Amino acid sequence: MKRLLAITILILLSACNAVRVNYDYDSKTDFSNYTTYNYFNDIESGLSGLDEKRLFKALDSALQAKGYLLAEEPDFYINILSSEFRAAPTNNVGIGVGGTGRNVGGGVSVGLPIGNSGIQRQIQFDFVDSQKDALFWQAVAESGFRDNASPSVREAQLQKVVAKVFAKFPPENK
């Protein structure tokens, strides 16, 4: 019984730290035309300077592992936007009391929120064709965030976000 409780708690805690990603792209885009990238000069990512450096390092590593090269005259530019918000608690426990009998019924229900609302960070990645100046791929990642996390935890979280974002890049031709 103790193991079941421990496993349940572990699953709940890991679910709170999950990275969720939504993708969108222009289905007419031939992704094989893109081999080089760079970042917009005037990025206002919304991240701290140190977190921005950590994110760029993780992005460079992920893109170069996929065969893309950082270049002064790139095929596409990357823009990054970030925001933080407090998520409302979604889990609750209902306690109910009720009774029935010969046309008599009644009930009381109480909802108790479980956990507190945490801070979530949303990071949007926009890939813009440098020749056409047109957005051709976008991913929006959402994950948990702690202001007081250590630098190594922040770096690991950003690497996890980048890995999840680029797991489906480039999209498969259908």
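Residues numbered from 1 in each chain as written. Predicted model: local features only at pLDDT ≥ 70, side-chain atom pairs only at ≥ 80, totals over all residues. Heavy atoms only, no water.

Peer 1: How should I be thinking about the overall build of the chain in this particular structure?
Peer 2: Within the chain one finds three helices and eight strands. A buried classification covers 32% of the 174 residues belonging to the chain. For the chain, the share of sequence-separated contacts (at least 6 apart) that also reach a separation of at least 24 residues comes to 73%. As presented, the chain carries roughly 11,700 Å² of accessible surface, and 53% of it is formed by carbon and sulfur atoms. (Helix = DSSP H or I, 4+ residues; strand = E, 2+ residues; numbered from the N terminus. Buried < 20%, exposed > 50% of the residue type's maximum accessible area, 1.4 Å probe, protein only. Contact = heavy atoms within 4.5 Å. Areas by Shrake-Rupley, 256 points an atom, 1.4 Å probe, with all protein chains shown as cover.)

Peer 1: Help me understand the sheet that holds strand β3 (residues 69–70) in this model?
Peer 2: Backbone-to-backbone hydrogen bonds pair the strands of a sheet. The strands run either parallel or antiparallel. Taken together, the six strands give an open sheet; going across it, the order is β1-β8-β7-β4-β2-β3, and neighbouring strands pair in mixed fashion. The open sheet has two free edges, formed respectively by β1 (20–25) and β3, since each of these has just one partner strand. Here strand β7 (residues 119–129) pairs with strand β8 (residues 134–144) via 10 bridges, running antiparallel. Among the inter-strand pairings, Gln122 is bridged to a residue of β8, identified as Glu142. In the packing of helix α2 (residues 49–65) onto the sheet, the strands contacted are β2 (36–39), β3, β4 (76–86) and β7, and the crossing angle to β2 comes to about 175 degrees. Helix α3 (residues 151–165) rests against β1, β7 and β8 of the sheet, and its axis sits at about 135 degrees to β8. (Pairing = 2+ DSSP bridges. Axes fitted to C-alpha atoms, helices over the stretch in contact; angles between N-to-C directions.)

Peer 1: Explain the packing of aromatic side chains here, please?
Peer 2: When we look at a pair of aromatic rings, we describe it by the centre distance and by the angle of the planes. Using the criterion set out here, one finds 23 aromatic pairs in the structure. Relative to Phe136, the ring of Phe127 has its centre 6.2 Å away and its plane inclined at 65 degrees; by these criteria the two rings are edge-to-face. (Phe/Tyr/Trp six-rings, centres within 6.5 Å; stacked < 30°, edge-to-face > 60°.)

Peer 1: When you look at α2 in this model, what are you seeing that I'm missing?
Peer 2: Count 3.6 residues to each turn of an α-helix, and residues three or four apart come out pointing the same way. Helix length check: α2, at 17 residues, gives a terminal C-alpha distance of 24 Å against a target of 24 Å (1.5 Å per residue), a fit within 8%. Summarising the contacts, the buried residues of α2 are in contact with β2, β4, β7 and α3. Backbone geometry just after α2 places Gly67 at a positive phi near 95 degrees. (Expected span 1.5 Å × (residues − 1).)

Peer 1: Can you walk me through the pairing of β7 in this structure?
Peer 2: Every regular strand shows the same layout, with side chains that alternate between the two sheet faces. Of all the 11 residues making up β7, eight are buried; the element is thus mostly covered by neighbouring parts of the structure. Sheet analysis places β4 next to β7, joined by 11 bridges and oriented antiparallel. The residue bridging Asn79 from the neighbouring strand is Asp126, located in β7. In this antiparallel pair of consecutive strands, β7 and β8, the connection spans four residues, and Asp133 shows a positive phi of 55 degrees.

Peer 1: Got a minute to help me understand the environment of Asp30 in this structure?
Peer 2: Here Asp30 lies in the loop between β1 and β2. For the pair Asp30 and Phe136, spaced 106 residues apart in sequence, the C-alpha separation works out to 9.7 Å. Only 2.6 Å separates the side chain of Asp30 from the side chain of Ser32, close enough to count as a polar contact. (Polar contact = N/O pair within 3.5 Å; in protein donor to acceptor, adjacent residues only side chain to side chain.)

Spatial relationships are all this shows, so hold off on functional conclusions.
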